[in-house]
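# Fold and contact review
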Amino acid sequence: MKRDLPQEPLPSSPLLPSSPPGETEGADPQLTPPVWIFGYGSLVWRPGFEFTSRKVGFIRGYSRRFWQGDTFHRGSERMPGRVVTLLEDCGACTWGVAYEVRGEQIAASLQYLNVREAVLGGYDTKLVKFHPQEEDGEEPILALVYIATPQNPSYLGPASEEDIAAQIIVSSGCAGHNIEYLLRLADFMRYFCPQAEDKHLFSIEEALVSILPCLYYTEDPIEETTNVPQKSQS
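What comes next concerns the included structure.

Rules of the game
Residues numbered from 1 in each chain as written. Predicted model: local features only at pLDDT ≥ 70, side-chain atom pairs only at ≥ 80, totals over all residues. Heavy atoms only, no water. Pairing = 2+ DSSP bridges. Helix = DSSP H or I, 4+ residues; strand = E, 2+ residues; numbered from the N terminus. Axes fitted to C-alpha atoms, helices over the stretch in contact; angles between N-to-C directions. Contact = heavy atoms within 4.5 Å. Phe/Tyr/Trp six-rings, centres within 6.5 Å; stacked < 30°, edge-to-face > 60°. Buried < 20%, exposed > 50% of the residue type's maximum accessible area, 1.4 Å probe, protein only. Salt bridge = Lys/Arg side-chain N within 4 Å of Asp/Glu carboxyl O. Core = buried A, V, L, I, M, F, W, Y, C linked by side-chain atoms within 4.5 Å.

With respect to topology, five strands assemble into a closed barrel ordered β1-β3-β2-β4-β5, the strand pairing being mixed. Neighbour to neighbour, the strand axes of the sheet diverge by 45° on average, direction disregarded. In this structure, strand β1 (residues 35-39) lies alongside strand β5 (residues 141-147), joined through two bridges in parallel fashion. Looking at β5, one finds that Phe 38 is bridged to Val 145. Relative to β5, helix α1 (residues 104-119) is tilted by about 25°, and along the sheet it contacts β1, β3 (81-101) and β5. In the packing of helix α2 (residues 161-169) onto the sheet, the strands contacted are β2 (53-70) and β3, and the crossing angle to β3 comes to about 40°.

Right, here's the structure in full:
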């Protein structure tokens, strides 16, 4: 049964920019400092909120891992899917997309992400330094990121690439099949960040591709299909 998204107010957070006391009421929303939100999973292709601009780039000190369980978007209670979170890793960097939100977009996007990532996903928020791809030498941008930690109840932790791929193949949720999630993320890295390495991601993709032919194997000879009458080309 489809679960209704809770319409609860977004809790205040010390991570978000705030205005001095007395300046919030009646203030022009367009004068409010922008907020940047960094996505490294499904947010790279489906943000789900309005934004002013976006930049491809990376954050340092984290590795992307398929260690978070998902019982709503890409899985179910019976068969949880596998989605990505970030693992602190001093020498690593994770590529993704940062979205700039301004004015009324700020409250709307954070309300939406609070439900999508925190309430339904089990993710916490953190501030990170985002480095845009096309702006070498520029100062990094402070961005909000959602990270699932081992303390949340949906956290699955490490597993072999083959086991993760096998779990992804059989999982599907309200947002679609878990396979789509993996392949879209791999395509993003391949086309938008061709210079970057993500061994974990591509190893799981490779394992999935190697497993799929086994699932669809049939003993019926291919020649039998040649006996099916074909429509003539006009």
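Okay, the packing of aromatic side chains next. Following the criterion strictly, the structure yields nine aromatic pairs and no others. Taking 5.7 Å as the distance between ring centres and 70° as the angle between the ring planes, the aromatic pair formed by Trp 45 and Tyr 181 counts as edge-to-face. In this pair, Trp 45 is assigned in the loop between β1 and β2 and Tyr 181 in helix α3 (residues 178-192), connecting sequence segments 136 residues apart. Relative accessible area serves as the criterion here: at 22%, Trp 45 is assigned to the partly exposed category.

All chains considered together, the criterion is met by eight salt bridges. With a shortest N-O distance of 2.9 Å, Arg 64 and Asp 198 are connected by a salt bridge. Taken as a pair, Arg 64 in strand β2 and Asp 198 in the loop between α3 and α4 (199-215) lie far apart in primary sequence, 134 residues in all. As far as the burial class goes, Arg 64 and Asp 198 line up, both buried. We note a salt bridge from Glu 180 to Arg 184, for which the minimum N-O separation is 2.9 Å. Residue Glu 180 and its partner Arg 184 are located together in helix α3, separated by four residues, close to a single helical turn. On the basis of relative accessibility, which here comes to 30%, the residue Glu 180 falls in the partly exposed class. On the basis of relative accessible area, Arg 184 is assigned to the partly exposed category, the value being 41%. Members of the salt-bridge network, linked through shared partners, are Arg 74, Glu 180 and Arg 184.

A few words now on the nonpolar core. Among the nonpolar cores identified, the biggest contains 51 residues, and Phe 38, Phe 66 and Ile 168 are the most heavily contacted of them. Considering every element that reaches this core, the biggest residue donor is β3, with eight residues. Setting aside anything within four residues of it in sequence, one finds Phe 66 in contact with Arg 82, Val 83, Val 84, Ile 164, Ile 168, Tyr 181, Leu 182, Leu 185, His 200, Leu 201 and Ile 204.

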